[in-house]
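Per-entry structural report
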Amino acid sequence: MGRVSVRNVSRTFTKKENNSETEALKNVGFDVEDGEFVCLLGPSGCGKTTLLRIIAGLETLSSGEITMNRIPITGPDPKRGMVFQQYSLFPWRTVMDNITFGLEMQGIKKIEARIQVEKYIELVGLEQFKNSYPYELSGGMQQRAAIARGLANEPEVLLMDEPFGALDAQTRNILQDELLKIWEQKHVTFLFVTHSVDEAVFLSDRVVAMTSRPGRVKEIVDIDLPRPRCRTGPEANSLRDYILKLLEEERLER
Ligand SMILES: Nc1ncnc2c1ncn2[C@@H]1O[C@H](COP(=O)(O)OP(=O)(O)O)[C@@H](O)[C@H]1O
Ligand SMILES: [Mg+2]
């Protein structure tokens, strides 16, 4: 079960010094179904990270409600994992020890945690690097480790904030393929933030396209394409074209 329901969510940040307000999100609403892969796409600064952090329970909302499996979210929970944009690994811990971290936090003994994470290390193809430190890894491998760490807690929902944003195009494509394989193997719901239209059309079942700030839902686009997907097929191209135009409108309206 990994159903997330976002209802009428608004978030305004107030600067204490001068009481100035930034409206980051305004009346955002959408559902992510159990086992679905949803991409959240929108211009920079439209509140994507804020929304993901609220869903993770790391940030509060000003009004509205978010539920998971019909229960309101009030704080972090291992059922909701998060993978950040980049380099969120602890530099002083090996790959293995980074991935076991969440389990240790849950009170699982290190030795047991290690046994449990072996399969995730294998899943992301890092067996050869499990005793390496983050600085010894390429960006792609670091993100593999971050994904394994996100999965090791066996979350029902994995929230990913532009996890491939800093990678070169080729590595990015490889990790997208691998992420889809993982998604198909594990029964996990994915909510994936990106500003790449290509990435959203390749990965997701649905794209939630947001407006510029204050972020609202502009349109929800079904990506009804069979998998494995062709990146350059005519259907993918026309969906890309359609979504690019939605985003273009936001630029013009600013
Ligand atoms: N903790 C915060 N305090 C004040 N303003 C914030 C905070 N977090 C985000 N914001 C503001 O909210 C808006 C949305 O930010 P963010 O969620 O990071 O957007 P995105 O991830 O879509 O680029 C931005 O204007 C940002 O400056
Ligand atoms: Mg962001």
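Residues numbered from 1 in each chain as written. Chains lettered and ligands numbered in written order. Predicted model: local features only at pLDDT ≥ 70, side-chain atom pairs only at ≥ 80, totals over all residues.

Glancing now at the sheet that holds strand S10 (residues 217-222). An order of S6-S7-S8-S3-S9-S10 is seen for the six strands of this open sheet, with the pairing classed as mixed. If you trace the sheet from one side to the other, it starts and ends with strand S6 (80-83) and S10, each paired once. The sheet shows a mean angle of 15 degrees between the axes of neighbouring strands, direction not considered. Here four bridges tie strand S3 (residues 37-41) to strand S9 (residues 206-210), and the two strands are oriented parallel to one another. Each residue of the ladder has a partner; that of Val38, found in S9, is Arg206. (Pairing = 2+ DSSP bridges. Helix = DSSP H or I, 4+ residues; strand = E, 2+ residues; numbered from the N terminus. Axes fitted to C-alpha atoms, helices over the stretch in contact; angles between N-to-C directions.)

Below, the discussion takes up helix H5 (residues 169-185). Relative to the 24 Å expected for 17 residues at 1.5 Å per residue, H5 spans 25 Å between its end C-alpha atoms, a close match to the ideal helical length. Next to the buried residues of H5 lie helix H4 (139-152) and helix H6 (197-203). (Expected span 1.5 Å × (residues − 1). Contact = placed C-beta atoms within 7 Å.)

The antiparallel open sheet is built from four strands, whose spatial order is S2-S1-S4-S5. The open sheet is flanked by strand S2 (21-32) and strand S5 (71-72), the only strands paired with a single partner. Two elements, strand S1 (residues 4-14) and strand S4 (residues 63-68), share five bridges in a ladder whose sense is antiparallel. In the sheet register, Ser5 faces S4, and the bridge partner there is Thr67.

Turning to the environment of Thr50, a few remarks are in order. Within the secondary structure layout, Thr50 lies in helix H1 (residues 48-56). Spatially, the C-alpha atom of Thr50 lies 7.7 Å from that of Ala24, the residues being 26 residues apart in sequence. Residue contacts for Thr50: discarding those within four places in its chain leaves Arg11, Ala24, Leu25 and Glu59.

Let us look at the site of ligand 1. Around ligand 1, the neighbouring residues are Phe13, Thr22, Ala24, Gly42, Ser44, Gly45, Cys46, Gly47, Lys48, Thr49, Thr50 and Arg213. Only S2 and H1 provide two or more residues apiece to the shell around ligand 1. Ranked by the residues each element gives to the shell around ligand 1, the list is headed by H1, at three residues. When grouped by side-chain class, the residues that make up the shell around ligand 1 number three nonpolar, seven polar and two charged. (Near = placed C-beta within 6 Å. Nonpolar A, V, L, I, M, F, W, Y, C, P; charged D, E, K, R; others polar.)

Moving on to unusual backbone geometry. For residues that are not glycine, phi is negative in most cases, and the peptide bond is trans in most cases. Omega for the bond connecting Arg213 with Pro214 falls within 30 degrees of zero, at -5 degrees, which places this linkage in the cis form. With respect to the helices and strands, the residue Pro214 is situated in the loop between S9 and S10. The omega torsion across Arg227 and Pro228 is 0 degrees, close enough to zero to call that bond cis. The phi dihedral of Asn8 falls on the positive side, at around 55 degrees, and the residue is not glycine. The class of Asn8 is partly exposed, set by 13 C-beta atoms lying within 10 Å. Positive phi is not limited to glycine here, since Asn69 has a value of about 50 degrees. With respect to the helices, strands and loops of the structure, Asn69 is situated in the loop between S4 and S5. (Buried ≥ 20, exposed ≤ 12 C-beta atoms within 10 Å, placed from the backbone.)

Looking at the assigned domains, one finds that the chain contains domain 1 (4-79 + 156-253) and domain 2 (88-154). Using only C-alpha atoms to locate each centre, domain 1 and domain 2 end up separated by 25 Å. Every contact between the two is made by eleven residues of domain 1 and, on the other side, eleven residues of domain 2. Residue contributions to the side of domain 1 that touches domain 2 peak at four residues, all from H5. Here the residues of the side of domain 1 that touches domain 2 are counted per class, giving nine nonpolar, one polar and one charged. (Domains from an automatic or database assignment.)

Attention now moves to the pairing of S4. Note that S4 and S5 share two bridges and pair antiparallel. Residue pairing for S5: Thr67 is matched across the bridge by Pro72. Where S4 folds back onto S5 in an antiparallel hairpin, the turn is made up of two residues, including Asn69, whose phi is positive at roughly 50 degrees.

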